[in-house]
Amino acid sequence: MPIRGPGGTDGSHAASPVGNYSTGLVNGAYFTTLGALRDVRRAWRLAQAEAARARAGLPAIDETTLVTASSWTYLSSGYRPGEELLAAQVRHDIAHTQRLKQEGDFS
């Protein structure tokens, strides 16, 4: 019995010791490509998402409409307490390295 993959395609090349799985070429015969498998998975995910939208009572997706649902809230500015200490250490390390380079002690 032949091995069947998504969409009923022949997936026997995946178990074959001869050929290249990523291109789907086995002994000169052409089977399923990874692109075709991705297309089948994408169609299945879209169908599942549409079914979930229908169960939730949401309208179907309209490809011509852009919906933006977001809001911004000001949190704060500057560093948080621990970040200030890390930034000070980085500034110190950079200055120290630059001094060493100027003095010729660092390559």
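Rules behind the numbers
Residues numbered from 1 in each chain as written. Predicted model: local features only at pLDDT ≥ 70, side-chain atom pairs only at ≥ 80, totals over all residues. Heavy atoms only, no water. Helix = DSSP H or I, 4+ residues; strand = E, 2+ residues; numbered from the N terminus. Contact = heavy atoms within 4.5 Å. Areas by Shrake-Rupley, 256 points an atom, 1.4 Å probe, with all protein chains shown as cover. Expected span 1.5 Å × (residues − 1). Salt bridge = Lys/Arg side-chain N within 4 Å of Asp/Glu carboxyl O. Buried < 20%, exposed > 50% of the residue type's maximum accessible area, 1.4 Å probe, protein only.

Colleague: How would you summarise the overall build of the protein if you had to cite specific residues and measurements?
Modeller: Helix and strand counts for the protein stand at two helices and two strands. Its helices and strands in sequence order give the protein the pattern β-β-α-α, from N to C terminus. Looking at the protein alone, contacts between residues at least 24 apart form 7% of all its contacts between residues at least 6 apart. If you sum the accessible surface of the protein, you get close to 9,300 Å²; carbon and sulfur atoms cover 59% of it.

Colleague: Now, about helix 2 (residues 81-103): what can you tell me, with residues and values included?
Modeller: Here helix 2 spans 34 Å end to end across 23 residues, near enough to the 33 Å set by a 1.5 Å rise per residue. Downstream of helix 2 by a residue or two, Gly-104 has a phi angle that is positive, lying close to 85 degrees.

Colleague: How would you explain the pattern of salt bridges if you had to name every residue and give the values?
Modeller: All chains considered together, the criterion is met by two salt bridges. One salt bridge in this structure joins Glu-83 and Arg-80, with 2.9 Å as the shortest N-O distance. Among the residues examined, Glu-83 registers a relative accessible area of 30% and is labelled partly exposed. Among the residues examined, Arg-80 registers a relative accessible area of 57% and is labelled exposed. Measuring nitrogen to oxygen at the nearest pair gives 3.3 Å for the salt bridge that ties Glu-84 to Arg-91.

Colleague: So what's going on with helix 1 (residues 34-55)? Which residues, and what values?
Modeller: Under the 1.5 Å per step criterion, the end-to-end length of helix 1 is 31 Å for 22 residues, consistent within 8% with the ideal 32 Å. At the C-terminal side of helix 1, Gly-57 shows a positive phi close to 80 degrees.

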